[in-house]
Amino acid sequence: MKISIIGQGYVGLTIAQFAAEHFDVVGFDKNIKVVHNLNQGVSHIEGVDSNSLRKLINLGRYKATSDESDLKDSEVVVIAVPTPLTNERKPDLSFIESACIDIGKNLQSPALIINESTSYPGTLRNYIKPMIEQFSPKKVEHLYAISPERVDPGRTDFNQRNTPRLYAGLTLDATKRVKDFYSYFCDSLIEVSSPEVAEAAKLFENTFRQVNIALVNEFAQITHALGISVHETINAAATKPYGFMKFSPSAGVGGHCIPIDPTYLAEVAEAHNVPATFIRRANEVNREMAEYVVNRVESEVSQGLRGKNVLIVGVAYKPNIADTRETAAELVIEHLRSRGANVAWHDDLVSEWRGETSSPLLGADITIVLTKHDVVSETQIHQSAPYVFDTTGTIIGCQGF
Ligand SMILES: NC(=O)c1ccc[n+]([C@@H]2O[C@H](COP(=O)([O-])OP(=O)(O)OC[C@H]3O[C@@H](n4cnc5c(N)ncnc54)[C@H](O)[C@@H]3O)[C@@H](O)[C@H]2O)c1
(Lines give C-alpha, C1' and ligand atoms only; values in the text may rest on other atoms or scores of the structure.)
Protein backbone atom coordinates (compact mmCIF):
# COMPACT_ATOMS: atom_id res chain seq x y z
CA MET A 1 0.00 0.00 0.00
CA LYS A 2 1.30 3.47 -0.85
CA ILE A 3 0.95 6.11 1.85
CA SER A 4 1.67 9.78 1.26
CA ILE A 5 2.22 12.12 4.15
CA ILE A 6 1.91 15.81 3.42
CA GLY A 7 4.26 17.82 5.65
CA GLN A 8 7.45 16.23 6.97
CA GLY A 9 7.78 18.11 10.25
CA TYR A 10 7.34 16.91 13.82
CA VAL A 11 4.06 15.15 13.13
CA GLY A 12 4.45 14.05 9.50
CA LEU A 13 7.95 12.62 9.79
CA THR A 14 7.11 10.79 13.00
CA ILE A 15 4.10 9.13 11.33
CA ALA A 16 6.18 8.45 8.21
CA GLN A 17 8.75 6.56 10.25
CA PHE A 18 6.14 4.32 11.88
CA ALA A 19 4.14 3.82 8.67
CA ALA A 20 7.25 2.91 6.66
CA GLU A 21 7.71 -0.14 8.87
CA HIS A 22 4.64 -1.57 7.08
CA PHE A 23 3.99 0.41 3.88
CA ASP A 24 5.70 2.33 1.10
CA VAL A 25 5.77 5.91 2.29
CA VAL A 26 6.16 9.12 0.32
CA GLY A 27 6.96 12.11 2.52
CA PHE A 28 5.81 15.21 0.64
CA ASP A 29 7.08 18.60 1.79
CA LYS A 30 7.28 21.99 0.09
CA ASN A 31 10.58 22.72 1.82
CA ILE A 32 13.23 21.57 -0.68
CA LYS A 33 16.05 21.65 1.88
CA VAL A 34 14.08 19.41 4.28
CA VAL A 35 13.37 16.98 1.42
CA HIS A 36 17.01 16.96 0.32
CA ASN A 37 18.27 16.22 3.84
CA LEU A 38 15.64 13.53 4.45
CA ASN A 39 16.63 11.75 1.26
CA GLN A 40 20.23 11.82 2.52
CA GLY A 41 18.95 10.11 5.66
CA VAL A 42 19.34 13.19 7.86
CA SER A 43 16.43 13.74 10.24
CA HIS A 44 15.67 17.26 11.51
CA ILE A 45 13.22 16.01 14.16
CA GLU A 46 14.08 14.90 17.69
CA GLY A 47 12.66 11.43 18.15
CA VAL A 48 13.19 10.42 14.52
CA ASP A 49 16.60 8.85 14.41
CA SER A 50 18.70 9.37 11.25
CA ASN A 51 19.96 5.76 11.33
CA SER A 52 16.43 4.34 11.26
CA LEU A 53 15.55 6.77 8.49
CA ARG A 54 18.54 5.61 6.41
CA LYS A 55 17.50 1.99 6.98
CA LEU A 56 13.98 2.72 5.66
CA ILE A 57 15.40 4.58 2.64
CA ASN A 58 17.75 1.68 1.85
CA LEU A 59 14.86 -0.79 2.07
CA GLY A 60 13.00 1.37 -0.47
CA ARG A 61 10.25 2.01 2.07
CA TYR A 62 10.63 5.79 2.36
CA LYS A 63 11.35 8.66 0.04
CA ALA A 64 10.87 12.38 0.49
CA THR A 65 9.70 14.59 -2.35
CA SER A 66 8.64 18.11 -3.26
CA ASP A 67 6.96 16.96 -6.45
CA GLU A 68 3.21 16.88 -5.94
CA SER A 69 2.74 14.43 -8.83
CA ASP A 70 4.37 11.82 -6.53
CA LEU A 71 1.09 11.85 -4.58
CA LYS A 72 -0.75 10.03 -7.37
CA ASP A 73 -1.74 6.38 -6.76
CA SER A 74 -1.64 6.88 -2.98
CA GLU A 75 -4.15 4.74 -1.15
CA VAL A 76 -3.86 6.76 2.04
CA VAL A 77 -2.91 10.44 2.34
CA VAL A 78 -2.18 11.96 5.74
CA ILE A 79 -2.28 15.75 6.08
CA ALA A 80 0.26 16.99 8.65
CA VAL A 81 0.88 20.62 7.73
CA PRO A 82 1.06 23.61 10.09
CA THR A 83 -2.10 25.32 11.34
CA PRO A 84 -0.68 28.53 12.83
CA LEU A 85 -2.27 31.91 13.49
CA THR A 86 -2.18 34.86 11.08
CA ASN A 87 -0.52 38.15 12.08
CA GLU A 88 -3.94 39.15 13.44
CA ARG A 89 -3.86 35.95 15.56
CA LYS A 90 -6.70 34.29 13.64
CA PRO A 91 -6.71 30.63 12.45
CA ASP A 92 -4.58 30.27 9.33
CA LEU A 93 -5.75 27.36 7.17
CA SER A 94 -3.63 28.36 4.16
CA PHE A 95 -1.29 25.34 4.53
CA ILE A 96 -4.27 22.97 4.69
CA GLU A 97 -5.73 24.70 1.65
CA SER A 98 -2.50 24.16 -0.27
CA ALA A 99 -2.39 20.48 0.76
CA CYS A 100 -6.02 20.04 -0.37
CA ILE A 101 -5.28 21.61 -3.75
CA ASP A 102 -2.35 19.22 -4.28
CA ILE A 103 -4.47 16.23 -3.25
CA GLY A 104 -7.38 17.31 -5.44
CA LYS A 105 -5.24 17.86 -8.52
CA ASN A 106 -3.04 14.77 -8.23
CA LEU A 107 -5.14 11.91 -6.84
CA GLN A 108 -6.93 10.27 -9.74
CA SER A 109 -8.42 7.33 -7.82
CA PRO A 110 -10.28 7.11 -4.48
CA ALA A 111 -8.08 7.20 -1.39
CA LEU A 112 -8.47 7.56 2.35
CA ILE A 113 -7.66 11.15 3.31
CA ILE A 114 -6.76 11.56 6.99
CA ASN A 115 -6.27 14.92 8.65
CA GLU A 116 -3.77 15.09 11.52
CA SER A 117 -3.37 18.87 11.49
CA THR A 118 -5.07 20.49 14.46
CA SER A 119 -8.05 22.67 13.57
CA TYR A 120 -11.52 23.63 14.70
CA PRO A 121 -14.51 21.25 14.63
CA GLY A 122 -15.98 21.05 11.15
CA THR A 123 -12.66 21.46 9.30
CA LEU A 124 -12.70 17.96 7.80
CA ARG A 125 -16.35 18.07 6.75
CA ASN A 126 -16.77 21.69 5.74
CA TYR A 127 -13.32 22.71 4.57
CA ILE A 128 -11.04 19.81 3.61
CA LYS A 129 -13.58 17.65 1.73
CA PRO A 130 -15.12 20.48 -0.35
CA MET A 131 -11.69 21.98 -1.07
CA ILE A 132 -10.28 18.68 -2.37
CA GLU A 133 -13.44 18.06 -4.42
CA GLN A 134 -13.25 21.56 -5.89
CA PHE A 135 -9.76 20.89 -7.25
CA SER A 136 -10.33 17.31 -8.37
CA PRO A 137 -10.84 17.45 -12.16
CA LYS A 138 -12.45 13.98 -12.23
CA LYS A 139 -14.46 14.67 -9.02
CA VAL A 140 -12.92 11.60 -7.37
CA GLU A 141 -14.90 10.43 -4.32
CA HIS A 142 -12.41 9.92 -1.50
CA LEU A 143 -13.00 8.69 2.05
CA TYR A 144 -12.34 11.26 4.77
CA ALA A 145 -11.27 10.69 8.36
CA ILE A 146 -9.50 12.33 11.24
CA SER A 147 -7.15 11.16 13.92
CA PRO A 148 -5.68 14.12 15.83
CA GLU A 149 -2.00 13.91 16.64
CA ARG A 150 -0.89 13.78 20.28
CA VAL A 151 2.86 13.48 19.79
CA ASP A 152 4.92 15.31 22.43
CA PRO A 153 8.31 16.03 20.82
CA GLY A 154 11.28 14.95 22.90
CA ARG A 155 9.19 12.65 25.09
CA THR A 156 10.37 9.06 25.43
CA ASP A 157 7.75 7.44 27.70
CA PHE A 158 4.83 8.08 25.31
CA ASN A 159 5.13 7.50 21.56
CA GLN A 160 2.97 6.59 18.57
CA ARG A 161 2.55 3.03 19.83
CA ASN A 162 1.44 3.62 23.39
CA THR A 163 -0.35 6.99 23.14
CA PRO A 164 -4.09 6.35 22.72
CA ARG A 165 -5.52 7.85 19.53
CA LEU A 166 -8.99 9.17 18.79
CA TYR A 167 -10.43 8.56 15.35
CA ALA A 168 -13.60 9.07 13.32
CA GLY A 169 -14.58 9.06 9.67
CA LEU A 170 -17.15 11.01 7.71
CA THR A 171 -18.64 7.65 6.70
CA LEU A 172 -18.65 4.17 8.27
CA ASP A 173 -16.25 3.00 5.58
CA ALA A 174 -13.84 5.82 6.34
CA THR A 175 -14.06 5.06 10.08
CA LYS A 176 -13.19 1.42 9.47
CA ARG A 177 -10.32 2.26 7.10
CA VAL A 178 -8.74 4.82 9.43
CA LYS A 179 -8.90 2.35 12.31
CA ASP A 180 -7.22 -0.35 10.17
CA PHE A 181 -4.47 2.08 9.15
CA TYR A 182 -3.50 3.22 12.65
CA SER A 183 -3.83 -0.24 14.18
CA TYR A 184 -0.50 -1.10 12.46
CA PHE A 185 1.39 1.23 14.76
CA CYS A 186 -0.89 2.28 17.62
CA ASP A 187 -2.05 -0.10 20.36
CA SER A 188 -4.97 1.93 21.67
CA LEU A 189 -7.54 3.36 19.26
CA ILE A 190 -10.66 5.10 20.50
CA GLU A 191 -13.55 5.65 18.14
CA VAL A 192 -15.70 8.74 18.60
CA SER A 193 -19.04 9.37 16.97
CA SER A 194 -18.00 12.10 14.54
CA PRO A 195 -14.91 13.92 13.24
CA GLU A 196 -16.19 17.04 15.03
CA VAL A 197 -15.88 15.28 18.42
CA ALA A 198 -12.28 14.27 17.64
CA GLU A 199 -11.43 17.78 16.42
CA ALA A 200 -13.02 19.41 19.47
CA ALA A 201 -11.38 16.93 21.90
CA LYS A 202 -7.94 17.81 20.54
CA LEU A 203 -8.58 21.53 21.02
CA PHE A 204 -9.99 20.95 24.50
CA GLU A 205 -6.93 18.92 25.58
CA ASN A 206 -4.65 21.82 24.77
CA THR A 207 -7.03 24.46 26.09
CA PHE A 208 -7.11 22.56 29.39
CA ARG A 209 -3.33 22.97 29.60
CA GLN A 210 -3.46 26.62 28.50
CA VAL A 211 -5.95 27.73 31.18
CA ASN A 212 -4.22 25.76 33.94
CA ILE A 213 -0.87 27.27 32.98
CA ALA A 214 -2.47 30.73 33.04
CA LEU A 215 -3.90 29.97 36.47
CA VAL A 216 -0.54 28.96 37.89
CA ASN A 217 1.11 31.98 36.25
CA GLU A 218 -1.40 34.26 37.97
CA PHE A 219 -0.90 32.32 41.20
CA ALA A 220 2.89 32.91 40.99
CA GLN A 221 2.22 36.66 40.98
CA ILE A 222 -0.10 36.33 43.98
CA THR A 223 2.35 34.25 46.05
CA HIS A 224 5.16 36.69 45.28
CA ALA A 225 3.02 39.58 46.51
CA LEU A 226 2.25 37.54 49.65
CA GLY A 227 5.94 36.80 50.22
CA ILE A 228 5.60 33.00 50.00
CA SER A 229 7.21 30.49 47.64
CA VAL A 230 5.02 29.49 44.70
CA HIS A 231 6.86 26.19 44.26
CA GLU A 232 6.56 25.21 47.90
CA THR A 233 2.86 26.13 47.81
CA ILE A 234 2.15 24.16 44.62
CA ASN A 235 4.05 21.16 45.96
CA ALA A 236 2.03 21.40 49.17
CA ALA A 237 -1.24 21.47 47.17
CA ALA A 238 -0.02 18.53 45.09
CA THR A 239 0.05 16.30 48.19
CA LYS A 240 -3.74 16.08 47.79
CA PRO A 241 -4.14 12.64 46.23
CA TYR A 242 -7.17 13.50 44.07
CA GLY A 243 -8.75 16.47 42.26
CA PHE A 244 -5.50 18.38 41.76
CA MET A 245 -3.04 18.41 38.86
CA LYS A 246 0.31 20.16 39.15
CA PHE A 247 1.29 22.89 36.67
CA SER A 248 4.35 25.13 37.01
CA PRO A 249 4.73 28.86 36.34
CA SER A 250 6.86 30.08 33.45
CA ALA A 251 7.64 33.14 31.33
CA GLY A 252 4.77 32.14 29.02
CA VAL A 253 3.73 29.23 26.85
CA GLY A 254 5.38 28.23 23.58
CA GLY A 255 5.23 25.61 20.89
CA HIS A 256 2.87 24.89 18.07
CA CYS A 257 -0.06 23.83 20.26
CA ILE A 258 -0.79 25.51 23.60
CA PRO A 259 -0.52 29.17 22.51
CA ILE A 260 -2.42 28.50 19.26
CA ASP A 261 -5.04 25.75 19.53
CA PRO A 262 -7.18 27.54 22.17
CA THR A 263 -7.57 30.44 19.73
CA TYR A 264 -9.03 28.01 17.17
CA LEU A 265 -11.56 26.98 19.84
CA ALA A 266 -12.30 30.59 20.82
CA GLU A 267 -12.85 31.58 17.18
CA VAL A 268 -15.33 28.77 16.55
CA ALA A 269 -17.07 29.50 19.87
CA GLU A 270 -17.51 33.17 18.99
CA ALA A 271 -18.70 32.27 15.50
CA HIS A 272 -21.50 30.40 17.31
CA ASN A 273 -22.17 33.39 19.61
CA VAL A 274 -20.57 31.79 22.67
CA PRO A 275 -18.13 34.22 24.31
CA ALA A 276 -14.86 32.40 24.97
CA THR A 277 -13.96 34.78 27.80
CA PHE A 278 -12.01 32.29 29.88
CA ILE A 279 -9.90 31.05 26.95
CA ARG A 280 -9.15 34.58 25.69
CA ARG A 281 -8.14 35.78 29.17
CA ALA A 282 -5.90 32.74 29.72
CA ASN A 283 -4.05 33.62 26.52
CA GLU A 284 -3.56 37.18 27.73
CA VAL A 285 -2.31 36.10 31.18
CA ASN A 286 0.24 33.78 29.57
CA ARG A 287 1.44 36.43 27.11
CA GLU A 288 1.68 39.04 29.91
CA MET A 289 4.10 36.79 31.86
CA ALA A 290 7.03 37.94 29.70
CA GLU A 291 6.52 41.52 30.86
CA TYR A 292 5.99 40.38 34.46
CA VAL A 293 9.37 38.58 34.40
CA VAL A 294 11.11 41.65 32.97
CA ASN A 295 9.41 43.89 35.58
CA ARG A 296 10.57 41.57 38.35
CA VAL A 297 14.15 41.55 37.09
CA GLU A 298 14.17 45.32 36.62
CA SER A 299 12.92 45.89 40.15
CA GLU A 300 15.50 43.53 41.67
CA VAL A 301 18.71 44.78 39.99
CA SER A 302 20.27 48.10 40.94
CA GLN A 303 20.03 50.93 38.38
CA GLY A 304 17.57 49.14 36.10
CA LEU A 305 18.11 47.49 32.73
CA ARG A 306 19.39 50.29 30.47
CA GLY A 307 22.86 49.41 29.16
CA LYS A 308 22.97 46.11 31.04
CA ASN A 309 24.17 42.93 29.30
CA VAL A 310 21.36 40.43 29.69
CA LEU A 311 21.83 36.79 28.74
CA ILE A 312 18.77 34.65 28.07
CA VAL A 313 19.39 30.96 28.71
CA GLY A 314 17.20 28.70 26.55
CA VAL A 315 15.17 30.11 23.66
CA ALA A 316 13.57 26.78 22.68
CA TYR A 317 10.04 26.64 24.03
CA LYS A 318 10.76 23.61 26.18
CA PRO A 319 13.73 21.59 27.46
CA ASN A 320 15.84 19.31 25.29
CA ILE A 321 14.36 20.21 21.91
CA ALA A 322 15.37 22.85 19.33
CA ASP A 323 11.86 24.12 18.54
CA THR A 324 11.44 27.91 18.96
CA ARG A 325 7.89 28.25 17.63
CA GLU A 326 5.89 30.77 19.70
CA THR A 327 8.67 30.73 22.31
CA ALA A 328 8.18 33.05 25.28
CA ALA A 329 11.80 34.19 24.69
CA GLU A 330 10.57 36.37 21.85
CA LEU A 331 8.40 38.59 24.07
CA VAL A 332 10.90 38.59 26.96
CA ILE A 333 13.67 39.80 24.62
CA GLU A 334 11.37 42.41 23.08
CA HIS A 335 10.56 43.87 26.52
CA LEU A 336 14.22 43.83 27.60
CA ARG A 337 15.39 45.59 24.43
CA SER A 338 12.62 48.19 24.65
CA ARG A 339 14.06 49.08 28.08
CA GLY A 340 17.57 49.57 26.70
CA ALA A 341 19.17 46.24 27.69
CA ASN A 342 21.78 44.59 25.44
CA VAL A 343 20.34 41.13 25.01
CA ALA A 344 22.17 37.98 23.89
CA TRP A 345 20.97 34.41 24.25
CA HIS A 346 22.51 31.02 24.88
CA ASP A 347 20.94 27.88 23.43
CA ASP A 348 23.30 25.50 21.66
CA LEU A 349 20.43 23.20 20.68
CA VAL A 350 18.84 26.04 18.71
CA SER A 351 22.22 27.64 17.75
CA GLU A 352 20.66 30.04 15.15
CA TRP A 353 17.44 31.98 15.56
CA ARG A 354 16.03 35.14 13.97
CA GLY A 355 19.38 35.91 12.30
CA GLU A 356 21.26 35.68 15.63
CA THR A 357 23.53 32.95 16.95
CA SER A 358 23.87 31.36 20.39
CA SER A 359 26.29 33.28 22.67
CA PRO A 360 28.64 31.73 25.21
CA LEU A 361 27.24 31.18 28.69
CA LEU A 362 29.35 33.77 30.50
CA GLY A 363 30.12 37.44 31.04
CA ALA A 364 26.61 38.88 31.56
CA ASP A 365 25.32 41.39 34.13
CA ILE A 366 22.00 39.55 34.32
CA THR A 367 21.07 35.99 33.31
CA ILE A 368 17.44 34.99 32.83
CA VAL A 369 16.79 31.26 32.47
CA LEU A 370 13.72 30.59 30.33
CA THR A 371 14.38 26.96 29.33
CA LYS A 372 16.89 24.65 30.96
CA HIS A 373 18.18 21.89 28.65
CA ASP A 374 19.81 18.92 30.43
CA VAL A 375 23.15 19.64 28.71
CA VAL A 376 23.38 23.13 30.26
CA SER A 377 25.43 23.18 33.45
CA GLU A 378 23.88 24.76 36.54
CA THR A 379 27.31 25.79 37.77
CA GLN A 380 27.95 27.67 34.53
CA ILE A 381 24.56 29.36 34.81
CA HIS A 382 25.47 30.56 38.32
CA GLN A 383 28.85 31.78 37.12
CA SER A 384 27.45 33.54 34.05
CA ALA A 385 26.26 36.68 35.92
CA PRO A 386 26.09 38.16 39.41
CA TYR A 387 22.26 38.11 39.19
CA VAL A 388 20.37 35.07 37.85
CA PHE A 389 16.57 34.89 37.54
CA ASP A 390 15.35 31.33 36.94
CA THR A 391 11.81 31.10 35.54
CA THR A 392 11.96 27.29 35.48
CA GLY A 393 12.17 26.83 39.24
CA THR A 394 14.70 24.03 38.77
CA ILE A 395 17.98 25.74 39.69
CA ILE A 396 18.76 26.09 43.38
CA GLY A 397 20.07 29.41 44.64
CA CYS A 398 18.69 31.78 41.96
CA GLN A 399 16.06 34.46 42.07
CA GLY A 400 12.75 33.34 40.57
CA PHE A 401 9.01 33.24 40.98
N1 LIG B 1 4.51 19.42 16.93
C2 LIG B 1 3.64 18.89 17.79
O3 LIG B 1 4.01 18.56 18.90
C4 LIG B 1 2.18 18.65 17.40
C5 LIG B 1 1.41 17.84 18.21
C6 LIG B 1 0.09 17.60 17.87
C7 LIG B 1 -0.45 18.21 16.75
N8 LIG B 1 0.31 19.03 15.98
C9 LIG B 1 -0.31 19.62 14.80
O10 LIG B 1 0.17 18.94 13.64
C11 LIG B 1 0.28 19.85 12.54
C12 LIG B 1 1.70 19.83 12.01
O13 LIG B 1 2.57 20.31 13.02
P14 LIG B 1 4.13 20.03 12.99
O15 LIG B 1 4.61 20.33 14.37
O16 LIG B 1 4.45 18.73 12.39
O17 LIG B 1 4.61 21.18 11.99
P18 LIG B 1 6.08 21.40 11.40
O19 LIG B 1 6.23 22.85 11.16
O20 LIG B 1 7.10 20.69 12.24
O21 LIG B 1 6.04 20.65 10.00
C22 LIG B 1 5.17 21.00 9.00
C23 LIG B 1 5.86 20.71 7.67
O24 LIG B 1 4.89 20.91 6.65
C25 LIG B 1 5.53 21.49 5.53
N26 LIG B 1 4.50 22.11 4.72
C27 LIG B 1 3.83 23.26 4.93
N28 LIG B 1 2.90 23.42 3.99
C29 LIG B 1 2.97 22.36 3.17
C30 LIG B 1 2.26 21.96 2.01
N31 LIG B 1 1.26 22.69 1.55
N32 LIG B 1 2.61 20.81 1.43
C33 LIG B 1 3.62 20.06 1.91
N34 LIG B 1 4.33 20.38 3.01
C35 LIG B 1 4.00 21.52 3.61
C36 LIG B 1 6.54 22.42 6.13
O37 LIG B 1 7.58 22.68 5.20
C38 LIG B 1 7.03 21.62 7.35
O39 LIG B 1 8.16 20.83 7.03
C40 LIG B 1 -0.18 21.19 13.09
O41 LIG B 1 -1.55 21.35 12.83
C42 LIG B 1 0.04 21.06 14.58
O43 LIG B 1 -0.82 21.90 15.31
C44 LIG B 1 1.62 19.24 16.27
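The rules we used
Residues numbered from 1 in each chain as written. Predicted model: local features only at pLDDT ≥ 70, side-chain atom pairs only at ≥ 80, totals over all residues. Heavy atoms only, no water. Helix = DSSP H or I, 4+ residues; strand = E, 2+ residues; numbered from the N terminus. Rg over C-alpha atoms; globule rule 2.2 N^0.38 Å. Buried < 20%, exposed > 50% of the residue type's maximum accessible area, 1.4 Å probe, protein only. Areas by Shrake-Rupley, 256 points an atom, 1.4 Å probe, with all protein chains shown as cover. Lys, Arg positive; Asp, Glu negative; His and termini not counted. Charge placed at Lys NZ, Arg CZ, Asp CG, Glu CD. Pairing = 2+ DSSP bridges. Axes fitted to C-alpha atoms, helices over the stretch in contact; angles between N-to-C directions. Contact = heavy atoms within 4.5 Å. Expected span 1.5 Å × (residues − 1). Arc of directions from axis to C-beta. Near = heavy atom within 4 Å. Polar contact = N/O pair within 3.5 Å; in protein donor to acceptor, adjacent residues only side chain to side chain. Core = buried A, V, L, I, M, F, W, Y, C linked by side-chain atoms within 4.5 Å. Patch = residues over 30% accessible without salt bridge, like charges linked within 9 Å, V, L, I, M, F, W, Y side chains within 5 Å. Salt bridge = Lys/Arg side-chain N within 4 Å of Asp/Glu carboxyl O.

(A) Structural context of the overall build of the protein. Summing up its helical and strand segments, the protein has twelve helices and 15 strands in all. Taken against the 2.2 N^0.38 rule, which gives 21 Å for 401 residues, the C-alpha radius of gyration of the protein at 23 Å falls within 12% of a compact globule. The buried share of the protein, taken over its 401 residues, is 51%. Of the accessible surface of the protein, which amounts to about 18500 Å², a share of 52% is contributed by carbon and sulfur atoms. Separation of charge centres in the protein, based on 38 positive and 49 negative side chains, amounts to 2 Å.

(B) Here's a closer look at the sheet that holds strand E5 (residues 112-115). The eight strands lie next to each other as E3-E2-E1-E4-E5-E6-E7-E8, forming an open sheet whose pairing is mixed. Edge positions in the sheet fall to strand E3 (62-65) and strand E8 (189-191), since each of these pairs with one other strand and no more. Neighbour to neighbour, the strand axes of the sheet diverge by 25° on average, direction disregarded. In terms of strand pairing, strand E4 (residues 76-79) meets E5 through four bridges, oriented parallel. Directly across from Ile-79, in E5, lies its bridge partner Asn-115. Contacts from helix H4 (residues 94-106) reach strand E1 (2-6), strand E2 (24-28), E4 and E5 within the one sheet, and its direction differs from that of E4 by about 165°.

(C) Molecular detail of helix H6 (residues 172-183). The end-to-end C-alpha distance of H6 is 17 Å, a good match for the 16 Å that twelve residues give at a rise of 1.5 Å each. Where H6 is concerned, the buried positions are Ala-174, Thr-175, Val-178, Phe-181 and Tyr-182. One side of H6 holds all its buried residues, which, seen down the axis, span an arc of 130°. Among the exposed residues of H6, those oriented more than 90 degrees off its buried face are Leu-172 and Lys-176.

(D) Quick peek at the site of the ligand. Near the ligand you find 27 residues, and of these Val-11, Asp-29, Thr-83, Ser-98 and Thr-118 are the closest. Thr-83 is positioned with one of its side-chain polar atoms (N or O) 2.6 Å from an oxygen atom of the ligand. In the model, an oxygen atom of the ligand is placed 3.4 Å from a nitrogen or oxygen of the Val-151 main chain. Against a free-state accessible area of 830 Å², the protein chains account for coverage of 91% of the ligand. Of all elements in the fold, only helix H1 (10-19) and H4 reach the threshold of two or more residues within the shell around the ligand.

(E) Spotlight on the environment of Thr-171. By secondary structure assignment, the location of Thr-171 is in the loop between strand E7 (165-169) and H6. In the structure, Thr-171 is positioned 26 residues away from Ala-145 in sequence and 8.1 Å away in space, judged by C-alpha atoms.

(F) Expanded view of the nonpolar core. Counting residues in each nonpolar core, the largest one holds 37 residues, and the members touching the most others are Val-297, Ile-312, Val-332, Leu-336, Ile-366, Ile-368 and Phe-401. Those elements giving two or more residues to this core turn out to be helix H7 (195-226), helix H8 (230-237), helix H10 (277-300), strand E9 (309-313), helix H11 (328-338), strand E10 (342-346), strand E13 (366-369) and strand E14 (387-390). For this core, the leading source of residues is H10, giving six residues. Dropping the residues within four chain positions of it, Val-332 is found in contact with Ala-251, Ala-290, Val-294, Ile-312 and Leu-370. Core analysis: the next-biggest nonpolar cluster, separate from the first, contains 35 residues, Ile-103, Ala-111, Ile-146 and Val-268 among them.

(G) Local environment of a nonpolar patch on the surface. Residues Phe-219, Ile-222, Leu-226 and Ile-228 make up a contiguous nonpolar surface patch of about 350 Å² in total accessible area. Looking at the secondary structure, you find Leu-226 in helix H7.

(H) Representation of the sheet that holds E13. A sheet is described by the order of its strands in space; here five strands give the open sequence E10-E9-E13-E14-E15, paired in parallel fashion. One side of each edge strand has no neighbouring strand; the edge strands of this open sheet are E10 and strand E15 (399-400). Here two bridges tie E14 to E15, and the two strands are oriented parallel to one another. The residue bridging Phe-389 from the neighbouring strand is Gln-399, located in E15. Sitting on the sheet, H10 is in contact with E13, E14 and E15, with an inclination near 155° to E14.

(I) Here's a closer look at the pattern of salt bridges. Counted by the stated rule, this structure contains 24 salt bridges. The partner of Asp-102 in a salt bridge is Lys-30, and the shortest N-O contact between them spans 2.8 Å. Remark: Lys-30 occurs in the loop between E2 and helix H2 (32-39) and Asp-102 occurs in helix H4; sequence separation between them is 72 residues. Because the salt bridges share partners, they merge into one network encompassing Lys-90, Glu-267, Glu-270 and Arg-280.

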